Amino acid sequence: MILDGKFLATQIEQELKSQVQTIVQKLGGKIPVLATILVGEDPSSATYVKMKGNACRRVGLDSLPVFLPGSTTTEELLAKILELNANPLVKGILLQHPVPKQINERECFDAIDLKKDVDGVTALGFGLMSMGERVYGSATPKGIITLLEHYNIPLEGKHAVVVGRSAILGKPMAAMLLNKNSTVTICHSKTQNLPDFVKQADILVGAVGIPQFIKTECIKKGAVVIDAGYHNGGVGDIQKENLESIASAYTPVPGGVGPMTIATLIQQTVEACLL
Ligand code: NAP
């Protein structure tokens, strides 16, 4: 079975459109805004930010793109975030990851008002989510959970193996799967005998950032395979060869996790408008 993120994301956007119309009416015609901050000129990040802005407009929200030079300091970025926190029309703030090395990314993420943290990047939001509280989840793992639930993939009692432990993807993914009563293993760059863990996965999530890092020969027959990676040439973090004959369900690349990330960001922005 193909876990069609593109299709589900389109469905979610359709549902959001009418909600946004009602919100705009209630605001007397004022259109709520998602601010998107891009620091520097990384072409992939610029594409992602543009796609997020386009998705906003498709559902009837406004996007406020904020472009800052690659030489921006932590203090300058913090000042911009505080300005957006104070702007009542800005309902959500997205700071595109990664930021240039001289910036303290964690400090800047954590400066985002929790009520506007629609990308789910603050440490406080992460902590609350891990405790099972209702807060905005990190958009990519939350989108993955939405996709799995849409296709009625059972998670309870299953062994989920997450390869990657970044703060925006691997760790929140593991916490969300744990909250769904999966038994979770997290692998990372210091994991020994990584293929042995991959082989045990009922649910496998590739979040490594290396093209085709996980080989299909290591995947258990019948596993559910989620590939969060996207690289030049349309490949992900997991090898594609024979995947359809090994996995019981899998996300395509492209058209799997990527569209769900954007749909989740927009969904959470609409939720923020209702606060
Ligand atoms: P990241 O911050 O670079 O983290 C990569 C993780 O992979 C780290 O935890 C790292 O381990 C681990 N890793 C690196 N090399 C490894 C190795 N040889 N063996 C085992 N683990 C290794 O990346 P990210 O932001 O989480 O993104 C991961 C992937 O998801 C990328 O392909 C990215 O493009 C994709 N992504 C997609 C979306 C989307 O919307 N579709 C959104 C975000 C990310 P250490 O912690 O030990 O260094």
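Quick notes on the site of the ligand
And then number 1: What surrounds the ligand is a group of 23 residues, the closest being R165, S166, S189, A228 and T261.
And then number 2: Between the ligand and the protein, one listed contact pairs an oxygen atom with a side-chain N or O atom of D237 at 3.4 Å.
And then number 3: Burial of the ligand by the surrounding chains reaches 71%, relative to a free accessible area of 920 Å².
And then number 4: Per-element tally for the shell around the ligand: the top contributor is helix α10 (residues 257–273), with three residues.

Thoughts on the sheet that holds strand β2 (residues 62–68)
And then number 1: Strand order in this open sheet of three strands is β2-β1-β3, and the pairing throughout is parallel. Every other strand in the sheet has two partners, leaving β2 and β3 (90–95) as the edge strands with one partner each. Sheet twist, expressed as the average angle between the axes of neighbouring strands with direction ignored, equals 20°.
And then number 2: Where strand β1 (residues 33–39) meets β2, seven bridges bridge the pair, whose relative direction is parallel. The partner of A35 across the bridge, within β2, is L64.

With respect to the pattern of salt bridges
And then number 1: This model, assessed by the stated rule, comprises seven salt bridges.
And then number 2: K80 is the salt-bridge partner of E83, the closest N and O atoms lying 3.2 Å from each other. One end of the pair is E83 and the other is K80, both in helix α3 (residues 74–85) and three residues apart, which spans about a single turn.
And then number 3: R134 serves as the salt-bridge partner of E271, at 3.9 Å between the closest nitrogen and oxygen. Placement of the pair is E271 in helix α10 and R134 in the loop between α5 (123–130) and α6 (139–150), with a sequence separation of 137 residues.

Observations concerning the packing of helix α1 (residues 5–26) against α6
What describes two packed helices is the angle between their axes and the distance between those same axes.
And then number 1: Look at α1 against α6: their axes get within 11 Å of each other, and the N-to-C directions meet at 95°. The orientation of α1 relative to α6 falls into the category roughly perpendicular. Here α1 contributes G5, L8, Q11 and I12 to the contact with α6, which in turn contributes T146, L147 and H150.
And then number 2: Looking at the contact of α1 with α6 residue by residue, the class counts come to three nonpolar, four polar and no charged.

Digging into the sheet that holds strand β5 (residues 183–187)
And then number 1: Here we have five strands laid out as an open sheet, ordered β5-β4-β6-β7-β8, and parallel in their pairing. Across the chains shown, the open sheet's two edge strands, defined by having one partner strand only, are β5 and β8 (249–250).
And then number 2: Bridge count for strand β4 (residues 159–163) against strand β6 (residues 203–206) is four bridges, and the pairing is parallel. The residue of β6 that forms the bridge with V161 is L204.

Here we look at helix α2 (residues 43–59)
And then number 1: End to end, α2 covers 25 Å across 17 residues, agreeing with the expected 24 Å (1.5 Å per residue, within 8%).
And then number 2: Listing the buried residues of α2 in full gives S45, V49, K52, G53, A55, C56 and V59. One side of α2 holds all its buried residues, which, seen down the axis, span an arc of 155°. Seen from the open side of α2, the exposed residues pointing more than 90 degrees away from its buried face are P43 and K50.
And then number 3: Summarising the contacts, the buried residues of α2 are in contact with α1, β1, β2, β3 and α10.
And then number 4: Remark: G60 follows α2 within two positions and exhibits a positive phi of approximately 100°.

Cut-off values and rules
Residues numbered from 1 in each chain as written. Predicted model: local features only at pLDDT ≥ 70, side-chain atom pairs only at ≥ 80, totals over all residues. Heavy atoms only, no water. Near = heavy atom within 4 Å. Polar contact = N/O pair within 3.5 Å; in protein donor to acceptor, adjacent residues only side chain to side chain. Areas by Shrake-Rupley, 256 points an atom, 1.4 Å probe, with all protein chains shown as cover. Helix = DSSP H or I, 4+ residues; strand = E, 2+ residues; numbered from the N terminus. Pairing = 2+ DSSP bridges. Axes fitted to C-alpha atoms, helices over the stretch in contact; angles between N-to-C directions. Salt bridge = Lys/Arg side-chain N within 4 Å of Asp/Glu carboxyl O. Parallel < 35°, antiparallel > 145°, perpendicular 65-115°, else oblique. Contact = heavy atoms within 4.5 Å. Nonpolar A, V, L, I, M, F, W, Y, C, P; charged D, E, K, R; others polar. Expected span 1.5 Å × (residues − 1). Buried < 20%, exposed > 50% of the residue type's maximum accessible area, 1.4 Å probe, protein only. Arc of directions from axis to C-beta.

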